[in-house]
Amino acid sequence: MSTIKKTAAELAELFASGEASAEEIAREHLGRIRAVDGDVKAFLHVDEDNVLAQAQAVDARRAAGERLGPLAGVPIAHKDVFTTKDMPTTCSSKILEGWQPPYDATITARLREAGLVILGKTNMDEFAMGSSTENSAFGPTHNPWDLTKIPGGSSGGSSAAVASYQAPLATGTDTGGSIRQPAAVTGLVGMKPTYGGSSRYGVVAFASSLDTPGPMARTVLDAALLHEAFSGHDPMDSTSIDRPVPPVVEAARRADVEGLRIGVVKEFGGDGYQPGVLARFREAVELLESLGAKVVEVSCPHFGHALPAYYLIAPSECSSNLARFDAMRYGLRVGDDGTRSAEEVMALTRAEGFGPEVKRRIMLGTYALSSGYYDAYYGKAQQVRTLIARDFDAAFEQVDVLVSPTTPTTAFPIGERADDPMAMYLADLCTIPSNLAGNAAISVPCGLADEDRLPVGLQVMAPVLADDRTYRVAAAVERALQDRWGGPLLAQAPDLTEAVK
Amino acid sequence: MTTTLVPYDEALTRYEPVLGIETHIELGTKSKMFCGCSTEFGAPPNTQVCPVCLGLPGSLPVTNQAAIEGIIKIGLALNCSIVEWCRFARKNYFYPDMPKNFQISQYDEPLCVDGHLDVEVDGETYRIEIERVHMEEDTGKSLHVGGATGRIQGADHSLVDYNRAGIPLVEIVTKPIVATGDKAPLVARAYATELRELVRALGVSDVRMEQGSMRCDVNVSLMPAGSSVWGTRSETKNVNSLRSVERSVRHEIERQAGVLDAGERVIQETRHFHEDTGTTTSGRSKEEAQDYRYFPEPDLVPMAPPREWVDELLTDRPELPAARRARVRAEWSLSDKELQDIVNAGALDLIEETVRAGAEASAARKWWMNELSRRATEQGVELTELPVTPADVVRVSALVAEGALNDKLARQVFDGVLAGEGTPDEVVEKRGLKIVSDEGELSTVIDEVIAGNPDIAEKIRGGKVAAAGALVGAVMKATRGQADAGRARELIIQKLTG
Ligand SMILES: [Zn+2]
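Every value quoted in this text rests on a predicted model; they were computed, and no experiment measured them.

1. Quick notes on the overall build of chain A
Here is step 1 of the chain: Within chain A one finds 17 helices and eleven strands.
Here is step 2 of the chain: Expressed as lengths along the three principal axes of its C-alpha atoms, the size of chain A is roughly 70 × 55 × 45 Å.
Here is step 3 of the chain: Buried residues in chain A amount to 64% of all 501 residues.
Here is step 4 of the chain: For chain A, restricting intrachain contacts to residue pairs at least 6 apart in sequence, the fraction spanning at least 24 positions comes to 77%.
Here is step 5 of the chain: Carbon and sulfur atoms provide 51% of the accessible area of chain A, an area that totals close to 16900 Å².
Here is step 6 of the chain: Measuring between centres, the 46 positive side-chain charges of chain A sit 2 Å from its 64 negative side-chain charges.

Next up, the structure:
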């Protein structure tokens, strides 16, 4: 029995019933990683001995009668932005190459506690800055649907790992769409929880007021199970919300939209959107209507300003967050030959340790926060942020959820936008508003675009702390579409082991 | 460029000083501002650190409520308004002793605003307006090794100790202090002194300037007498004693007057004060001012101290120094000078405690201010460091009051207590100290003294009663101070003239 293509929920059941051990499941997934990751390049770090030791420990806990979480025994791919005390944490940056944190992120600790087995650390855009994983200092990750295409980003290693069956689950972080966009372009479910719903402690910061850890999976239920496993209040993160986790698993199982009011965001669509993306999006909306939802068009007039506001706020925060990488205490150190001052070593290290996109954003943010420019840039962007939150508030007075395409296009070729940052930034056009407002949003597969037979994502946005609503809608769409397709969308992806042979 | 100093009194005839004082006070919370690490002073380097105060990637700050309580207490004592909502801000600059290369501080939204503190100099009251009191975290401490000066210039390498990084720091900023004239240095010192007393009374910091838990940055500028346009200021950093506060202001007045007299501009810069010479030297120029790129700290939620809590802190606060001084002055019937001496000697707490424990105020004051202060000075220690307690003073005072000891014997009792011979009663017992009140024994001694001093005895017989003092002295000597001197005198006069 191969466990590779099973969902996390199925694996958890096999483990719970004793039909499979955590070690067997882990061994099969390690085999899959060996077989395909040479081409996909989803992982930066896999230590097989460590993985097997973790799995054996989980088996021992079960044998000892310990009550484990609902995902016990299930392997998971962990984005390299979460600290792990038994694995390096690099954020795909040379400046942190080989850095082994002395502590576990809260989410890392909760995964361990719940009995999940961490297979390794996944590739990402350096410090989560990018939409293609091409900004990794350790080389790009490839989209399992087409190895010449990007897997999205910044959580592109995570999306590629799950889409190529190297792991049933993955963690991601979403600052401007970094979970939803890679999920959309690889045919996965990716969820950005309400800001503050999942702990940032031990998540290497890109933009603190936007960064949101979340789950990535092949099914809505799996995403909900993982969401529930690692969410909830964390006293180590003062922006963490001290409220019960919304009932996301229950919502994923419920999967009905009868009577739900759904708003289509008028501002998303038209020029710059791939026809195949819009076609699948429209069909998904019609499907929801046929399932009993009431669909209306809703205008969010300030969403058009979200992208420029984001590209002032996120770089501003990153310019400060990344100041700590200075060669003094950990990480890369360049030019320390006894003749140079600390300041010179800092400058040389940062010049060599950061990639071009990270430098671009640090400079942009430094400029935006400078005295004399602060009001015009950072200050103005914060005002736009308030207006966007108000747009959401007004919209959610009329409807229960908002929907849009997750991304304007399907996965683009590796290299195509690498030298055109503006084109790259457009990938997050539809996802950014929910980061600025802090509300919940999910991406769920809604088919393949006709032009390129690549996955398209439907984005469902719900108010702050109404995360369960996004799962309800996504699960309804998933169930109806899988009926139509006769199985999961990923079943239509090429078989990588065939391709590799 | 050497500047000719203008003598202080002369400088004041042509210029009017304007001061501004920024004081940093480390709060005495058990744990740091944003993590659980200990704040204890003097631990081996880098032993009181964790991912948060080391600013490791991924770590996040969580505000220590005890620190917020401490700053609100200070703000209230300085008559500030406590705002209903404010935020932390990041102050961005690169320096190796800053783990994150930004400091969590407050910028345009301080927690406490618009207060004042009254200080007294030579019987006159000066109201120092407080602009703001805000909360921030301390940095680590750099140690520059291999140079002559201990400064970074010329050093061979540097070491950083992060134990201090993240200790809660309160910054108190005055508004410009004007119209103090030639009293400016004294006003500055009086302000720092009063602030220290205030914070100590609140119990939120040990405010030890020599350990750096209180440090002052002193801004001084001069404007021509009669002008209302302020001059360019210098900022003397990290002045770490009350005396230095006074001296640094004095020196800056003399120096800046020299610069202005020579027709030059005062440079806006930070300066360092040197205790040995009483002078300041140039530090970093602010002409190329650092841009700190302040912005609201996104890792922390805004502070919104509940009104009821603030009211509670105001109601429950201890008696503040000014009120206490007024009360003590009235209760003990002191002159301004006497009160000031007690405060300066650091004896107020001790005397009050002694009085509370049952001694007469006058007795308590007499022993602490005369005898014990002298011993402390001789030994070069603070009065509080002497191994004698208020309870000891109470007991000695009682023994004197009931006639069991006289002052001379009492001093011998303190000798014993200070020498570690035990409690006053134990010392009295061991040393056999008690007034000789046995008339027969005393009479015998007096007879011997009279016999041994026939000349003096003759004078007394001749009516020179005042000469009896010499014989009393001899009696006291013979009894090792244990005789009742008054009774001895009576008996001598009686024997020679009666
Ligand atoms: Zn700490």
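Having seen the model, we can carry on.
2. Regarding the coordination of the zinc ion
Residues and elements named next belong to chain B.
Here is step 1 of the chain: All of the protein donors around the zinc ion are Cys-35 (SG), Cys-37 (SG), Cys-50 (SG) and Cys-53 (SG); their distances to the metal are 2.3 to 2.4 Å.
Here is step 2 of the chain: Taken together, the four donor atoms surrounding the zinc ion define angles of 99 to 116° at the centre, an arrangement classified as tetrahedral.
Here is step 3 of the chain: In terms of primary sequence, the donors binding the zinc ion are separated according to C-x1-C-x12-C-x2-C.

3. As for the interface of chain B and chain A
Here is step 1 of the chain: Across the boundary between the two partners, chain B contributes 31 residues, which contact 39 residues of chain A.
Here is step 2 of the chain: With both chains or domains summed, chain B and chain A bury close to 2600 Å², and 59% of this area falls on carbon and sulfur atoms.
Here is step 3 of the chain: When the buried area of chain B at its contact with chain A is split by residue, B:Pro57, B:Leu60 and B:Arg293 rank highest and sum to 23% of it.
Here is step 4 of the chain: Taken together, chain B and chain A are joined by one salt bridge.
Here is step 5 of the chain: On the surface where chain B and chain A come into contact, there are 17 residue pairs in polar contact (both at pLDDT 80 or more).
Here is step 6 of the chain: Elements with a minimum of two residues in the side of chain B that touches chain A: strand 3 (89-92) and strand 14 (295-296) of chain B.

4. Remarks on the nonpolar core
Here is step 1 of the chain: If you look at the biggest cluster of nonpolar residues, it comprises 235 residues, and the most contacted ones within it are A:Phe127, A:Leu402, A:Tyr471, B:Ile74, B:Leu78, B:Val133 and B:Ile172.
Here is step 2 of the chain: Discounting residues that sit within four places of it in the chain, A:Phe127 has contacts with A:Cys91, A:Ser93, A:Ile95, A:Leu96, A:Val204, A:Phe206, A:Leu322, A:Phe325, A:Phe354 and A:Val358.
Here is step 3 of the chain: Core analysis: the second largest hydrophobic core is formed by 35 residues, B:Leu334, B:Leu339, B:Leu348 and B:Trp368 among them.

5. Brief notes about unusual backbone geometry
Here is step 1 of the chain: Cis geometry marks the peptide bond from A:Gly153 to A:Ser154, where omega comes out at 10°.
Here is step 2 of the chain: Looking at the element boundaries, A:Ser154 is found in the loop between strand 3 (117-122) and helix 5 (156-163).
Here is step 3 of the chain: The phi angle at B:Asn46 is positive, at roughly 55°, despite the residue not being glycine.
Here is step 4 of the chain: Looking at the element boundaries, B:Asn46 is found in the loop between strand 1 (15-26) and helix 2 (65-77).
Here is step 5 of the chain: The partly exposed category is assigned to B:Asn46, whose relative accessible area is 34%.

6. Some words on the pattern of salt bridges
Residues and elements named next belong to chain B.
Here is step 1 of the chain: Counted under the stated rule, the structure contains 61 salt bridges over all chains.
Here is step 2 of the chain: A salt bridge links Arg-200 to Glu-197; the shortest N-O distance between them is 3.6 Å. Taken as a pair, Arg-200 and Glu-197 lie in helix 3 (residues 184-202) at a separation of three residues, close to a single helical turn.
Here is step 3 of the chain: For Arg-200, a relative accessible area of 38% translates into the label partly exposed.
Here is step 4 of the chain: Where Glu-458 meets Arg-461, a salt bridge forms, and the shortest distance between an N and an O atom there is 3.4 Å. Taken together, the residues span about one helical turn, with Glu-458 and Arg-461 both in helix 14 (residues 454-461) at a distance of three residues.
Here is step 5 of the chain: With a relative accessible area of 45%, Arg-461 lands in the partly exposed category.

7. Digging into the side chain of A:Asp400
Residue and element names in this part refer to chain A.
Here is step 1 of the chain: Along the chain, Asp-400 falls in the loop between helix 13 (375-398) and strand 9 (401-405).
Here is step 2 of the chain: Residue Asp-400 is classed as buried on the basis of its relative accessible area, which comes to 15%.
Here is step 3 of the chain: Excluding residues that lie within four positions of it along the chain, Asp-400 makes contacts with Gly-259, Leu-260, Arg-261, Ala-462, Pro-463 and Arg-469.

8. Points about the domain arrangement of chain B
Here is step 1 of the chain: By the assigned domains, chain B splits into domain 1 (8-310), domain 2 (319-431) and domain 3 (439-497).
Here is step 2 of the chain: Summarising the inter-unit geometry, the C-alpha centres of domain 1 of chain B and domain 3 of chain B are found 66 Å apart.

9. Quick notes on helix 10 (residues 390-401) of chain B
Residue and element names in this part refer to chain B.
Here is step 1 of the chain: Between its first and last C-alpha atoms helix 10 spans 16 Å; for twelve residues at 1.5 Å apiece the expected length is 16 Å, and the two agree.
Here is step 2 of the chain: Regarding helix 10, the residues found buried are Pro-390, Asp-392, Val-393, Val-394, Val-396, Ser-397 and Leu-399.
Here is step 3 of the chain: Here the buried face of helix 10 lies against helix 8 (348-356), helix 9 (361-379), helix 11 (407-418) and helix 12 (424-431).
Here is step 4 of the chain: Just beyond helix 10, the residue with positive phi is Gly-403, at close to 85°.

10. Comments concerning the packing of helix 13 (residues 439-452) of chain B against helix 14 of chain B
Residue and element names in this part refer to chain B.
Here is step 1 of the chain: Where helix 13 contacts helix 14, the two axes come as close as 5 Å, and the packing angle between them is 100°. On the basis of the axis angle, helix 13 is roughly perpendicular to helix 14. Side by side, helix 13 and helix 14 meet where Ile-450, Ala-451 and Gly-452 of the first sit next to Pro-454, Ala-457 and Arg-461 of the second.
Here is step 2 of the chain: Tallied by class, residues from the contact of helix 13 with helix 14 come to four nonpolar, one polar and one charged.

11. Some words on the UniProt feature "active site" (unreviewed entry) in chain A
Residues and elements named next belong to chain A.
Here is step 1 of the chain: Residues annotated in UniProt with the feature "active site" (unreviewed entry) correspond here to Lys-79, Ser-154 and Ser-178. Across 100 residues of sequence, these annotated residues stay compact in space, with a maximum C-alpha separation of 11.2 Å.
Here is step 2 of the chain: For Ser-178, the position within the fold is in the loop between strand 4 (169-174) and helix 6 (180-186).
Here is step 3 of the chain: Ignoring anything within four residues of it in the chain, the contact list for Ser-178 reads Lys-79, Ala-128, Gly-130, Gly-153, Ser-154, Ser-155 and Thr-173.

12. A word on the confidence of the model for chain B
Here is step 1 of the chain: Per-residue confidence for chain B gives a mean pLDDT of 92; residues scoring 70 or more make up 98%.
Here is step 2 of the chain: Here the predicted complex scores 0.89 on pTM and 0.96 on ipTM.

13. A few points about the packing of aromatic side chains
All names here are of chain A.
Here is step 1 of the chain: Summed over the entire model, instances satisfying the criterion amount to 21 aromatic pairs over all chains.
Here is step 2 of the chain: With 5.7 Å between their ring centres and 35° between their planes, Phe-268 and Phe-303 make a pair best called tilted. Taken together, the residues Phe-268 in the loop between strand 7 (261-265) and helix 9 (275-290) and Phe-303 in the loop between strand 8 (294-298) and helix 10 (306-321) connect sequence positions 35 residues apart. In this pair, the class of Phe-268 matches that of Phe-303, namely buried.
Here is step 3 of the chain: Seen in terms of ring centroids, Tyr-311 and Tyr-425 are 3.8 Å apart; in terms of plane orientation they differ by 15°. Their pairing is stacked. With Tyr-311 in helix 10 and Tyr-425 in helix 14 (residues 421-425), this pair connects stretches of sequence that are 114 residues apart.

14. Section: the UniProt feature "domain: Amidase" (unreviewed entry) in chain A
Here is step 1 of the chain: Taken from the UniProt record, the annotation "domain: Amidase" (unreviewed entry) applies to residues 24-469 of chain A.
Here is step 2 of the chain: Structurally, residues 24-469 of chain A is divided into 38% helix and 14% strand, and its ends, taken at the C-alpha atoms, are 36 Å apart.

15. Re the environment of B:Leu5
Residue and element names in this part refer to chain B.
Here is step 1 of the chain: Within the secondary structure, Leu-5 is located in the segment before helix 1 (8-14).
Here is step 2 of the chain: C-alpha separation for the pair Leu-5 and Gly-258, spaced 253 residues apart in sequence, amounts to 5.1 Å.
Here is step 3 of the chain: Sequence-distant contacts of Leu-5, that is, excluding residues within four places in its chain, are made with His-251, Glu-254 and Arg-255.

16. Structural notes on the pairing of strand 6 (residues 212-217) of chain A
Residue and element names in this part refer to chain A.
Here is step 1 of the chain: In terms of burial, strand 6 is largely enclosed, as six of its six residues are buried.
Here is step 2 of the chain: Where burial is concerned, the two faces of strand 6 agree: the one with Thr-212, Gly-214 and Met-216 and the one with Pro-213, Pro-215 and Ala-217 are both buried.
Here is step 3 of the chain: Across six bridges, strand 4 lies against strand 6 in antiparallel orientation. The partner of Ala-170 across the bridge, within strand 6, is Met-216.
Here is step 4 of the chain: Pairing analysis gives two bridges linking strand 5 (residues 189-192) to strand 6, with the strands arranged antiparallel. Bridge pairing links Val-189 to Ala-217 in strand 6.

Rules used in this analysis
Residues numbered from 1 in each chain as written. Chains lettered and ligands numbered in written order. Predicted model: local features only at pLDDT ≥ 70, side-chain atom pairs only at ≥ 80, totals over all residues. Heavy atoms only, no water. Helix = DSSP H or I, 4+ residues; strand = E, 2+ residues; numbered from the N terminus. Buried < 20%, exposed > 50% of the residue type's maximum accessible area, 1.4 Å probe, protein only. Contact = heavy atoms within 4.5 Å. Areas by Shrake-Rupley, 256 points an atom, 1.4 Å probe, with all protein chains shown as cover. Lys, Arg positive; Asp, Glu negative; His and termini not counted. Charge placed at Lys NZ, Arg CZ, Asp CG, Glu CD. Donors = N, O, S within 2.8 Å, 3.2 Å for Na, K, Ca; no water. Tetrahedral: all angles 85-135°; square planar, octahedral: opposite > 155°, others 65-115°. Buried area = accessible area lost by both parts, 1.4 Å probe. Salt bridge = Lys/Arg side-chain N within 4 Å of Asp/Glu carboxyl O. Polar contact = N/O pair within 3.5 Å; in protein donor to acceptor, adjacent residues only side chain to side chain. Core = buried A, V, L, I, M, F, W, Y, C linked by side-chain atoms within 4.5 Å. Domains from an automatic or database assignment. Expected span 1.5 Å × (residues − 1). Axes fitted to C-alpha atoms, helices over the stretch in contact; angles between N-to-C directions. Parallel < 35°, antiparallel > 145°, perpendicular 65-115°, else oblique. Nonpolar A, V, L, I, M, F, W, Y, C, P; charged D, E, K, R; others polar. UniProt positions renumbered as here; feature names shortened; annotations may be inferred. pLDDT = per-residue confidence, 0-100. Phe/Tyr/Trp six-rings, centres within 6.5 Å; stacked < 30°, edge-to-face > 60°. Pairing = 2+ DSSP bridges.

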